[in-house]
Amino acid sequence: ETLASFHRSQPLRRGMAREEVRSRLRIAPPRLFDAAVAAAAARGILRDDGATLRLPDFRIELDPARRATADAFLAAARAAPFSPPPPSEFLLDADTVGALESEGEVVRVAEGMLYAPEAWDAIIAGVLDAIAQDGSITMGGYRDRFSTSRKYAQPALEYLDQLRITRRVGDERVRGSAVPRKETSTP
């Protein structure tokens, strides 16, 4: 009932924070809560997504107006894959952006900077290719490779560093310790 109530009140959030569920159920010992979650997940009563819990049949669904706005933004982002427009130009609110991110329809690189997943995958592949060819990539090399500006290059490179796909050494990026997942590039 706790999760059902949460889904009704927060239809654009993928799930309820694990600790919030534990607090609402007043299960103090973390081990007992973890065991209860594991048992409920094994029985198909809930889905454990790590940091969040949700009902197994819950899916985020945007209402028609939000979906139309989101689709217009996604079309524009795909039309300019390496220089996507800010979501604010399409009046996308934080809840809609969060829903798109949760559903894997966008990759949030920085506040107000969202890429289509296929564009982000191309960025990862292009950066790693440049590093394999030249040993490193610079901000200027990124801008040239993707025909974009510093406005997009810097946050993208910083996010790649955060994901440990690249590592900054002075003004250059070299390959990091993480191996990007093929099916999705979000952490």
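Scroll up to find the structure this text is about.
So, a few notes on the structure that sits alongside this text. (Residues numbered from 1 in each chain as written. Predicted model: local features only at pLDDT ≥ 70, side-chain atom pairs only at ≥ 80, totals over all residues. Heavy atoms only, no water.)

### What to know about the overall build of the chain
Going by this rule: Every helix listed is a DSSP run of H or I at least four residues long, and every strand listed is a run of E at least two residues long, numbered separately from the N terminus. Residues are treated as being in contact if the distance between any of their heavy atoms lies within 4.5 Å. The positive count covers Lys and Arg only, the negative count covers Asp and Glu only, and His and the chain ends enter neither. Every charge is mapped onto a representative atom, which is NZ of Lys, CZ of Arg, CG of Asp or CD of Glu.
Helix and strand counts for the chain stand at eight helices and eight strands. Taking the principal axes of the C-alpha coordinates as reference, the chain spans close to 55 × 40 × 25 Å. Across the chain, every contact between residues at least 6 apart in sequence was considered, and the portion connecting residues at least 24 apart equals 49%. Between the mean site of the 27 positive side-chain charges and the mean site of the 27 negative ones, the chain shows a separation of 5 Å.

### Some thoughts on the pairing of strand β7 (residues 166-169)
To keep it simple, the criterion reads: The rule for pairing is simple: two strands pair if DSSP sees at least two bridges between them.
Across four bridges, β7 lies against strand β8 (residues 172-175) in antiparallel orientation. From the neighbouring strand, Arg167 faces β8, where its bridge partner is Val174.

### With respect to the pairing of β8
As defined by bridge partners, strand β6 (residues 137-138) adjoins β8 across two bridges and the pair is classed as antiparallel. Across the sheet, the residue bridging to Ile137 is Arg173, located in β8. Hairpin connection from β7 to β8: two residues lie between these consecutive antiparallel strands, with Gly170 at a positive phi of about 65°.

### A look at the nonpolar core
We apply this condition: Among the buried residues, those of types Ala, Val, Leu, Ile, Met, Phe, Trp, Tyr and Cys that are joined through side-chain atoms within 4.5 Å form a nonpolar core. Buried means the residue's accessible area, taken with a 1.4 Å probe over protein chains only, is under 20% of the maximum for its type, while exposed means over 50%, and partly exposed covers the values in between.
If you look at the biggest cluster of nonpolar residues, it comprises 25 residues, and the most contacted ones within it are Tyr115, Trp120, Ile123, Val127, Ile137, Tyr142 and Leu160. Contributing elements (two or more residues each) for this core: β4 (107-110), β5 (113-115), α6 (117-134), α7 (139-146) and α8 (150-162). The element best represented in this core is α6, accounting for eight residues. Residues in contact with Leu160, not counting those within four places in the same chain, are Trp120, Ile123, Ile124, Val127, Ile165 and Thr166.

### Description of unusual backbone geometry
Within the chain, Arg26 stands out as a residue other than glycine whose phi angle is a positive 55°. Tracing the chain through its elements places Arg26 in the loop between α2 (18-25) and α3 (30-42). Here the phi dihedral of Ser147 falls at roughly 50°; this positive angle occurs in a residue that is not glycine. Note that Ser147 resides in the loop between α7 and α8.

### A word on the packing of aromatic side chains
The condition is simple: Within 6.5 Å between ring centres, the rings of Phe, Tyr and Trp (the latter by its six-membered ring) count as paired, and their orientation is classed by plane angle as stacked under 30 degrees, edge-to-face over 60, tilted in between.
Under the criterion given, the structure shown has five aromatic pairs. Ring centres of Tyr115 and Trp120 lie 5.7 Å apart, and the angle between their planes is 40°; on these two criteria the pair is classed as tilted. For the pair Tyr115 and Trp120, one class covers both residues: buried. Through a chain of ring-to-ring contacts, three or more aromatic side chains come together here, namely Phe82, Tyr142 and Phe146.

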